[in-house]
Amino acid sequence: MFEVWFGVALGLLIASNVALWLKLDRCYTDLHRIIENGSDKIEQTIDLDGIKDEIHDTIQDFMGNMHVPNAGDHLMGVAGQLLQMWGVKRFGGIAQVAQNIVSPEQEQEI
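Thresholds, definitions, all that
Residue indices follow the written sequence of each chain, beginning from 1 at its first position. This being a predicted model, a pLDDT of at least 70 is required before a residue's local features are given, and a value of 80 or more before pairs of side-chain atoms are given or counted; all residues contribute to the totals for chains, interfaces and linings. The basis for the side-chain values is all heavy atoms of the structure; hydrogens and waters are excluded. Helical segments are the DSSP runs of H or I of at least four residues, strand segments are the runs of E of at least two, and each set is numbered from the N terminus. Relative accessibility decides the category of a residue: with a 1.4 Å probe and only protein chains considered, values under 20% of the type maximum give buried, values over 50% give exposed, and everything between is partly exposed. All accessible-area figures derive from a Shrake-Rupley calculation using a 1.4 Å probe, and residue coverage is judged against the displayed protein chains alone. For salt bridges, the criterion is a side-chain nitrogen of Lys or Arg within 4 Å of an Asp or Glu carboxyl oxygen. Patches in this entry comprise residues that are over 30% relatively accessible and not in a salt bridge; like charges within 9 Å are linked, as are nonpolar side chains (Val, Leu, Ile, Met, Phe, Trp, Tyr) within 5 Å. Here Asp and Glu are counted as negative and Lys and Arg as positive; His is not counted, and neither are the chain ends. For the purpose of locating charges, the reference atoms are NZ of Lys, CZ of Arg, CG of Asp and CD of Glu.

(A) Spatial organisation of the overall build of the protein chain. When its secondary structure is counted, the protein chain shows four helices and zero strands. Each helix and strand of the protein chain, placed in order from N terminus to C terminus, yields the pattern α-α-α-α. The 110 residues of the protein chain split such that 2% are buried. When the accessible area of the protein chain is evaluated, it comes to approximately 10,800 Å², of which 66% is carbon and sulfur surface.

Encoded structure:
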């Protein structure tokens, strides 16, 4: 049974390598065609003003969505802190066990 799976895997490997070779050969010919015809094309200029406007709009959107924290934000922070304290109290021993497993030398020294 192992030989069958090995044969299937080998066949898939050969088929994928052939497909990859065909794709790379096609890319090679396309690249050479582009290089040969590249001198005929006029280079496109970069519009720096458009890039500046897009960055400016992105920053404005980000800054526009910011707001002064309200009571709800503070209450969510308190809830997060309480959950974090509960998690440390509940699972803190597991963290110590994991640390002892990783470095058992410290346990023997104590």
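There is more to say after this.
(B) Quick peek at the pattern of salt bridges. All told, the structure shown has two salt bridges when counted by the stated rule. Taking the shortest distance from any N to any O, the salt bridge between Asp30 and Arg26 comes out at 3.4 Å. Separated by four residues within a single helix, Asp30 and Arg26 lie in helix 1 (residues 2-37), roughly one turn from each other. Residues joined in a network through salt bridges with shared partners are Arg26, Asp30 and Arg33.

(C) Spatial organisation of a nonpolar patch on the surface. There is a patch of nonpolar side chains on the surface, built from Phe2, Phe6, Leu10, Leu13, Ile14, Val18, Trp21 and Leu22 and spanning about 880 Å² of accessible area. With respect to the element layout, Leu10 can be found in helix 1. For Leu10, a relative accessible area of 40% puts it in the partly exposed group.

(D) The arrangement of a negative patch on the surface in detail. A contiguous patch of negative charge on the surface is contributed by Asp47, Asp49, Asp53, Glu54, Asp57 and Asp61. Within the secondary structure, Asp49 is located in helix 2 (residues 48-65). Relative accessible area serves as the criterion here: at 52%, Asp49 is assigned to the exposed category.

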